[in-house]
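Residue-level listing of the chains:
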Amino acid sequence: ELRELGDRTEKNTIKRRDIIDFCRTVGNSNEKYAESSGKVCAPMDFAMVIGWKSVVRALFAKHIDGDLLSLVHLGNSFRTLKPGLMLQEGDELASLGEVTAVKNDEGGNKVVEVKGVIFKDNEPVIEILSKFLYRGAGGDWENTFSREAHIPYELDVNDSATAAVCRSKTWVNWSLPDHLIEGAELTFNTNSIKKFKQGGGYSE
């Protein structure tokens, strides 16, 4: 939960002037984001204004050995996690950034991918993926990796036998084993981490 992340998050409140100034700067003339008597909505790419500090903060991770003076920002992409939801002035938001990949390219550079997540009411609503390049910083293979979050898997515990099988799995550390009973609904959120080796392929 977001509340458990403490000072790793950045807090922001969307202001009307920030939305209007952003749209003018990027050339977005859609009337939906123009000044009006009601609350002004923000385009999805406004999430970069909210999440930028968290994204950049992630680049200071100890395992990234690169000179910030040789850093190049390659681009951003956005994904909504709550279809139909639009950010608007007055929204109180939080953001969190984490490095999801560090790779060496064929040109001897290091490519870093950072995922930023925007939270509203303690729920993730927009995901940002930013790519960066450190010129000439490639070659450090021991710290290269790629982390991928998989689609959540849901399991209905339909009977006591299923519950018993779940409790018997030693590779799962159940924080509340007494709640694992018939009728429970489980959601498994899994991630995979790949580590690379020089010459291609995976080291682990």
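Residues numbered from 1 in each chain as written. Predicted model: local features only at pLDDT ≥ 70, side-chain atom pairs only at ≥ 80, totals over all residues. Heavy atoms only, no water.

Participant: Would you mind going over the pattern of salt bridges with me for this structure?
Facilitator: Note that side chains of opposite charge can pair when their charged atoms are close. Per the stated rule, a full pass over the model turns up eleven salt bridges. A salt bridge links D21 to R24, with the nearest nitrogen and oxygen atoms 3.0 Å apart. Here D21 and its partner R24 are both found in helix α1 (residues 16-26), three residues apart, which amounts to about one turn of the helix. The class for D21 is partly exposed, based on a relative accessible area of 24%. Given the relative accessible area of 57%, R24 is considered exposed. The partner of R79 in a salt bridge is E127, and the shortest N-O contact between them spans 3.3 Å. Here R79, found in strand β3 (residues 71-80), pairs with E127, found in strand β7 (residues 123-134); they are 48 residues apart in sequence, far enough to count as distant. Among the residues examined, R79 registers a relative accessible area of 45% and is labelled partly exposed. The network of salt bridges with common partners includes E10, K53 and R57. (Salt bridge = Lys/Arg side-chain N within 4 Å of Asp/Glu carboxyl O. Helix = DSSP H or I, 4+ residues; strand = E, 2+ residues; numbered from the N terminus. Buried < 20%, exposed > 50% of the residue type's maximum accessible area, 1.4 Å probe, protein only.)

Participant: Help me understand the nonpolar core, please; the structure alone is not making it clear to me.
Facilitator: The nonpolar side chains of soluble globular proteins are, as a tendency, buried together. Ranked by internal contacts, the top residues of the largest apolar core, which has 30 residues, are V99, V112, V114 and I118. Elements supplying a minimum of two residues to this core: α1, β2 (41-42), α2 (47-58), β5 (92-104), β6 (110-120) and β7. Filtering out sequence-adjacent residues up to four positions away, V99 remains in contact with A58, H63, I64, V112, E113, V114, F145 and R147. Core analysis: the second largest hydrophobic core is formed by six residues, V157, A163, L180 and A184 among them. (Core = buried A, V, L, I, M, F, W, Y, C linked by side-chain atoms within 4.5 Å. Contact = heavy atoms within 4.5 Å.)

Participant: How do you make sense of the environment of W52 when you look at a structure like this?
Facilitator: Mapped onto the elements of the fold, W52 is located in helix α2. For the pair formed by W52 and I128, sequence separation is 76 residues and the distance between their alpha carbons is 9.4 Å. Those residues in contact with W52, other than ones at most four positions away along the chain, are H73 and F132.

Participant: How do you make sense of the side chain of E10 when you look at a structure like this?
Facilitator: Residue position: E10 is located in strand β1 (residues 10-13). Here the side chain of E10 touches R57 through a polar contact of 3.0 Å, side chain to side chain. Excluding residues that lie within four positions of it along the chain, E10 makes contacts with K53, S54, R57, L93, A94 and S95. (Polar contact = N/O pair within 3.5 Å; in protein donor to acceptor, adjacent residues only side chain to side chain.)

Participant: It is not clear to me how unusual backbone geometry should be interpreted in this structure. Could you clarify?
Facilitator: Peptide bonds are, in most cases, trans, and in most cases residues other than glycine have a negative phi. We note that D121 has phi near 55°; this positive angle belongs to a residue other than glycine. With respect to the helices and strands, the residue D121 is situated in the loop between β6 and β7. Owing to a relative accessible area of 65%, D121 belongs among the exposed residues under this scheme. Positive phi, normally seen in glycine, also occurs at N122, with a value near 70°. Relative to the helices and strands, N122 is located in the loop between β6 and β7.

Participant: Hey, could you run me through the pairing of strand β8 (residues 145-149) in this one?
Facilitator: A regular strand places its side chains on the two faces of the sheet in alternate fashion. As paired strands, β5 and β8 are joined by two bridges and run antiparallel to one another. Within β8, the position partnered with V102 by the bridge is F145. For β8 and strand β11 (residues 191-195), the ladder comprises five bridges, and the chain directions are antiparallel. Of the residues in β11, the one forming a bridge with R147 is I193. (Pairing = 2+ DSSP bridges.)

Everything listed is a geometric property; what it means functionally is a separate question.
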